[in-house]
Amino acid sequence: MSAVRAIDISVGMFILLGLVSALFLVVQTIDPSQVNAGETYVVEARFDHIGDLKIRAPVALAGVTIGRVAEITADPADYRAVVLLRIDSSFDNLPIDTDATIATAGLLGGKYVELTPGGDSEMLADQGEITFTQSAILLENLIGKYMLNSSPE
Amino acid sequence: MIATVRDCWQSFGQFAANFGGFQMFSFRLLPYLPKALLRPRLITEQLYAVGALSLVLTMFGGLFVGMVLALQSHSTLVEFSSIDSMGAFVSETMVRELGPVVTALLFAGRAGSAIASEVGLMRATNQIAAMELMAVDPMQRIVAPRVLAGVISMPLLTAIFSMMGIFGAYLVGTRLLGVDEGAFWSQINARVDMHQDVASGFLKSIIFGASASLMAVFEGYYCQPTPAGVSRAATRTVVITSVWILLLDFILTGLTLPKV
């Protein structure tokens, strides 16, 4: 009887583990850095074009990751992309005229948001807005412009 | 010269006979499969032997394949400064290709050979003949539960293998090689597609599970009833299943490749 039970238990464990793994593969969104994140605050930035910026892309200050992109939506009122940036609270001294640029990691890497602090004495607050933004540089547009400009004179 | 040609022709004939016999065996088994579900206890026992006992091997295999993939892809990706794509690269490879194929190869080695030698020993010690005498259909009692257990456990083992692989790549990538943690997961999330990748890997693993367990049972069921015959059946199972799975994988990948 107990041998039969042991078999049942290990078969049950095996199937359970398999189903959990399948669930993990299907969801594939579990982000451990999101679960145990420290204190953060959220600021908003509006861009004309975000390229292929993705949710949870890094937000960097001088190249160091200090936050994540929390949400990306489009505003039907002004036709721009609204990007919510979740930033570590130890960097709560960013001036209000901080500039947000969508940059590319390497030539082919993913997009991220690079913050360049301005010189204002007033600081960005929680739910504040970054007014100076630069859209993603679309490589294909650049190539197009370059090809047009370099046509024979 | 003529003798060589005749030998070749004979061994080809033997191969064709074996192959045809395998097809007949598979078709003959079909009506037994639904009936086998009425005896869940037999299937549970086989699930234990085939699935639960293969668990440790599969998990180790997945973990280290993922870790190696992370190391290996890093050296190429770093040249294009796109190591952020490592997560997507590793999990696409694991979920689509390596997961089903390597799991099936491990399955053939671990469970397939065990099934073949067990059933072969039953044949060698006349247990199968004894069952027939007692009007117990060995196809029902021995073959069908083993095949069903293979079909059920292979997708589960594959999912475990792939998950362990992604976890291994995560450990090596983010802890040792400095890949950004958020980029690792967000690239996986963005690039790995539910239907194209996960579902096609799942389909593959079911087909591989069915073929691997069918071949193992077939080899054991029709082995020569001698000690050498049993050991030959176990060896042949591993060899034939491995070749067949690699060949089948090429066909299935071609069929399920995303249209670009």
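Refer to the preceding data block for the structure.
Describing the packing of helix α1 (residues 2-27) of chain A against helix α3 (residues 40-50) of chain B
(1) Moving on: Where α1(A) contacts α3(B), the two axes come as close as 9 Å, and the packing angle between them is 65°. Compared by their axis directions, α1(A) and α3(B) come out roughly perpendicular. Crossing of α1(A) over α3(B) shows left-handed handedness. Residues Ile7(A), Asp8(A), Ser10(A) and Val11(A) of α1(A) form the contact with α3(B), whose participating residues are Thr44(B), Glu45(B), Leu47(B) and Tyr48(B).
(2) Moving on: For the contact of α1(A) with α3(B), the class distribution of residues is 4 nonpolar, 2 polar and 2 charged.

Focus: the nonpolar core
(1) Moving on: Residues Met86(B), Ala169(B) and Val217(B) are the most contacted members of the largest nonpolar core, which totals 76 residues.
(2) Moving on: With 20 residues, the top contributor of residues to this core is helix α7 (residues 138-176) of chain B.
(3) Moving on: Residues Ala45(A), Ala81(A), Leu85(A) and Tyr112(A) belong to the second largest nonpolar core, which totals 22 residues.

Some words on the packing of helix α5 (residues 86-124) of chain B against α7(B)
Residues and elements named next belong to chain B.
(1) Moving on: One can describe the packing of α5 onto α7 by two numbers: an axis separation of 7 Å at closest approach and a directional angle of 145°. By crossing handedness, the relation of α5 to α7 is classed as right-handed.
(2) Moving on: Among the residues forming the contact of α5 with α7, the class breakdown is 17 nonpolar, 8 polar and 1 charged.

Topic: the environment of His49(A)
Residue and element names in this part refer to chain A.
(1) Moving on: Relative to the helices and strands, His49 is located in the loop between β1 (40-47) and β2 (58-61).
(2) Moving on: For His49, a count of 14 C-beta atoms within 10 Å translates into the label partly exposed.
(3) Moving on: Measuring from C-alpha to C-alpha, the distance between His49 and Tyr79 comes to 9.9 Å, with 30 residues separating the pair along the chain.
(4) Moving on: Residue contacts for His49: discarding those within four places in its chain leaves Ser135 and Ala136.

Quick notes on the interface of chain B and chain A
(1) Moving on: Across the boundary between the two partners, chain B contributes 31 residues, which contact 30 residues of chain A.
(2) Moving on: Only α3, α7, α8 (181-191) and α9 (194-221) of chain B provide two or more residues apiece to the side of chain B that touches chain A.
(3) Moving on: With 9 residues, α8(B) is the single largest residue contributor to the side of chain B that touches chain A.
(4) Moving on: A per-class count over the side of chain B that touches chain A returns 18 nonpolar, 9 polar and 4 charged.

Definitions and limits used
Residues numbered from 1 in each chain as written. Chains lettered and ligands numbered in written order. Predicted model: local features only at pLDDT ≥ 70, side-chain atom pairs only at ≥ 80, totals over all residues. Axes fitted to C-alpha atoms, helices over the stretch in contact; angles between N-to-C directions. Helix = DSSP H or I, 4+ residues; strand = E, 2+ residues; numbered from the N terminus. Parallel < 35°, antiparallel > 145°, perpendicular 65-115°, else oblique. Left-handed = near helix turned anticlockwise from the far one by under 90°. Contact = placed C-beta atoms within 7 Å. Nonpolar A, V, L, I, M, F, W, Y, C, P; charged D, E, K, R; others polar. Core = buried A, V, L, I, M, F, W, Y, C linked by C-beta atoms within 7 Å. Buried ≥ 20, exposed ≤ 12 C-beta atoms within 10 Å, placed from the backbone.

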